[in-house]
Amino acid sequence: MPILLLLDGDGIGPEVNAQVRRLIGWAAGHGLTFESQHARIGGAAIDAEGAPVSDATVALAAKADAILFGAVGGPKWEKLPRAQRPEQGLLRLRRELGLFANLRPARVWPGLEDVSPLRPERAGDTDLIFVRELTGGVYFGEPRGQSGTAPERRALDTQAYSEAEIARVAHAGFRLARGRRRHLTSVEKANVMETGQLWRAVVTEVAASYPDVTLAHMFADNCAFQLVRAPTQFDVILTDNLFGDLLSDLAGGVAGSLGLLPSAALGEGPEGRTPGLYEPVHGSAPDIAGTGRANPVAAILSFAMALRHSLGAPALADALEAATGRALAAGARARPLGGRGMGQPHRQCHPIWWPSPSY
Ligand code: IPM
Ligand code: MN
């Protein structure tokens, strides 16, 4: 029986994962039963266990088939030094489980064109997916640190990529493009960065194995501009950890709400086994936590991605995505709310009602 590990985390994490628990029951009704486990992560784990993720939880995650993550962080833990912050729980899981390929689809759903800040004729058919490198780059590069005392303080981060790291995520991107519109845009700053130059060279080499996929290269700043100007030009966007973080939030802006964007973090796993970590792209939105206003769509679509990529149930994934589309088209959302998530403006959609997905 496949094992699911629910990591609710902080803020609206428990609320959006409550909808995932309903979906676990729905899947059981269609003959797919799981062993569900749960554990703490983020601020909740700091408070109860003294670390943003415990060794025991990492061990549990390594044995799971799919990890369903809610959100981490909140004002209570904002002053902690970086190494002890709630985000470290998530970063440790990504890194230790080898989840190097982060799939982040973004689309403008029929019926939600008015939620996008872009004109419908510009954003209407947007249907793109990021393949963001997730275990390398400036997130993990060494050396890093801060030194000195005012007024001579210094801080250092390192952006580093090996050829192997670039090649494996590029293969993931090209394989994905084959199942879609066969167009891949590789995004870096080869005009400024050494890692960008290596990225472009390695992606070009990998592309030779996928002659049926069209490859375009784009600088990251131009990609930000193009996402706003003409988002429908994109199919698969392959990029590094930091650019993928920034640009996927931008794509959330195009879709109209970060509350709509799911994600999957995939690896090869030991002995070919692939635990997948599924998470909404949005944050913990502590200001609306507990008010029943969190948008669960990103968590619901993340569960659909788990069904497809880790649980061998693509038909159920299709059904869940179709049900989500029908519910959204039928008005299962209300006014976009101006909330604040993790200190940033966080635009949420308020679901008035949420029907059970029908199969
Ligand atoms: C994301 C988040 C994380 C990241 C944080 C919470 C560490 O912003 O998944 O996009 O920066 O990768
Ligand atoms: Mn982010």
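Here the structure is a predicted model, which is why all the values come from computation and not from measurement. Every chain is numbered independently, its residues counted from 1 as its sequence is written. Key to labels: chains lettered from A, ligands numbered from 1, both in the order written. With the structure being a predicted model, the display of local features is reserved for residues of pLDDT at least 70 and the display and counting of side-chain atom pairs for 80 or more, all residues being used for whole-chain, interface and lining totals. No hydrogens and no water enter the side-chain calculation; it runs on all heavy atoms of the structure.

**As for the pattern of salt bridges**
- A pairing counts as a salt bridge when a side-chain nitrogen of Lys or Arg comes within 4 Å of a carboxyl oxygen of Asp or Glu. One pass over the full model with this rule turns up 20 salt bridges.
- Between Glu188 and Arg200 there is a salt bridge, with the nearest N and O atoms lying 2.7 Å from each other. With Glu188 in strand β8 (residues 183-188) and Arg200 in helix α7 (residues 194-207), the pair connects residues that are twelve residues apart, well separated along the chain.
- Classification of Glu188 by relative accessible area gives buried; the value is 3%.
- Assessed through its relative accessible area of 26%, Arg200 is described here as partly exposed.
- Salt-bridge contacts for Arg308 lead to Asp318; the nearest nitrogen and oxygen are separated by 2.8 Å. Residue Arg308 is found in helix α10 (residues 297-309), and its partner Asp318 is found in helix α11 (residues 314-329); the two are separated by ten residues along the sequence.
- According to the relative accessible area criterion, Arg308 is partly exposed, its value standing at 29%. In this description a helix means any DSSP run of H or I spanning at least four residues, a strand means any run of E spanning at least two, and both kinds are numbered starting from the N terminus. Exposed residues in this analysis have more than 50% of their type's maximum accessible area, buried residues have under 20%, and partly exposed residues fall in between, with area computed by a 1.4 Å probe over protein chains only.

**Section: the nonpolar core**
- In this structure, Phe34, Leu103, Phe174, Phe303 and Leu307 are the most contacted members of the largest nonpolar core, which totals 56 residues.
- At eight residues, helix α6 (residues 163-178) tops the list of elements feeding residues into this core.
- For every domain, the bounds stem from an assignment made automatically or drawn from a database. Each of domain 1 (1-112 + 259-359) and domain 2 (117-128 + 135-255) contributes no fewer than three residues to this core.
- Each residue touching Phe34, except ones within four places of it in the same chain, is listed here: Met1, Pro2, Leu4, Ile24, Ala27, Phe303, Leu307 and Leu311.
- Among buried residues, those of type Ala, Val, Leu, Ile, Met, Phe, Trp, Tyr and Cys that are joined through side-chain atoms within 4.5 Å constitute a nonpolar core. Grouped together as the second largest cluster of nonpolar side chains are 24 residues, Ala106, Ala220, Val297 and Leu328 included. Whether two residues are in contact is decided by their heavy atoms, any of which lying within 4.5 Å being enough.

**Let's talk about the sheet that holds strand β9 (residues 214-219)**
- Pairing in this open sheet of ten strands is mixed, and the strands run β2-β1-β3-β12-β11-β4-β5-β10-β8-β9 from one edge to the other. Of all the strands in the sheet, just β2 (35-39) and β9 have a single pairing partner and so form its edges. Ignoring strand direction, the axes of neighbouring strands in this sheet form an average angle of 20 degrees.
- To define axes, lines are fitted to C-alpha atoms, for helices over the stretch in contact only, and angles between the resulting N-to-C directions are given on a 0 to 180 degree scale. Sheet contacts for helix α1 (residues 13-29): β1 (3-9), β2 and β3 (66-71); angle to β1, the most-contacted strand, approximately 155 degrees.
- Where α7 meets the sheet, it contacts β5 (127-133), β8, β9 and β10 (236-239), and its direction lies at approximately 175 degrees from that of β9. When DSSP finds two or more bridges between two strands, those strands count as paired.

**Details of the layout of surface pockets**
- Reported here for the second largest pocket is a volume of approximately 370 Å³.
- For cavity detection a 1 Å grid was placed over the protein atoms alone, and a set of points counts as a cavity when a 1.4 Å probe fits there but cannot get out; an open set counts as a pocket when protein lies on both sides within 12 Å along at least five of seven lines, with lining residues being those that have an atom within 4 Å of a point. In terms of lining, the second largest pocket is formed by 17 residues, of which the most central are Pro105, Arg107, Arg180, Arg308 and Glu321.
- Here the nonpolar group is Ala, Val, Leu, Ile, Met, Phe, Trp, Tyr, Cys and Pro; Asp, Glu, Lys and Arg are the charged ones; every other residue, Gly included, is treated as polar. Residues belonging to the lining of the second largest pocket are distributed by class as follows: eleven nonpolar, one polar and five charged.
- Three or more residues apiece are contributed to the lining of the second largest pocket by two domains, here domain 1 (1-112 + 259-359) and domain 2 (117-128 + 135-255). Grid points are joined across faces, edges and corners, and a volume is the space filled by probe spheres set on the points.

**Looking at the site of ligand 1**
- Around ligand 1, the neighbouring residues are Glu87, Arg94, Arg104, Arg132, Tyr139, Asp245 and Glu279.
- Whenever two N or O atoms come within 3.5 Å, that pair is a polar contact, provided that in protein one can donate a hydrogen and the other can accept it, and provided that, for residues adjacent in sequence, both atoms are side-chain atoms. Side-chain polar atom of Arg94 to an oxygen atom of ligand 1: 2.7 Å apart, as the coordinates give it.
- At 2.5 Å from an oxygen atom of ligand 1 is found a side-chain nitrogen or oxygen belonging to Tyr139.
- Burial of ligand 1 by the protein amounts to 78% of the accessible area it has alone, namely 320 Å².
- Grouping the constituent residues of the shell around ligand 1 by class yields one nonpolar, no polar and six charged. We call a residue near a molecule or strand whenever a single non-hydrogen atom of that residue lies within 4 Å of it. Computed with the Shrake-Rupley method and a 1.4 Å probe, the accessible areas treat only the protein chains shown as cover for residues.

The analysis is restricted to geometry; functional conclusions fall outside its scope.
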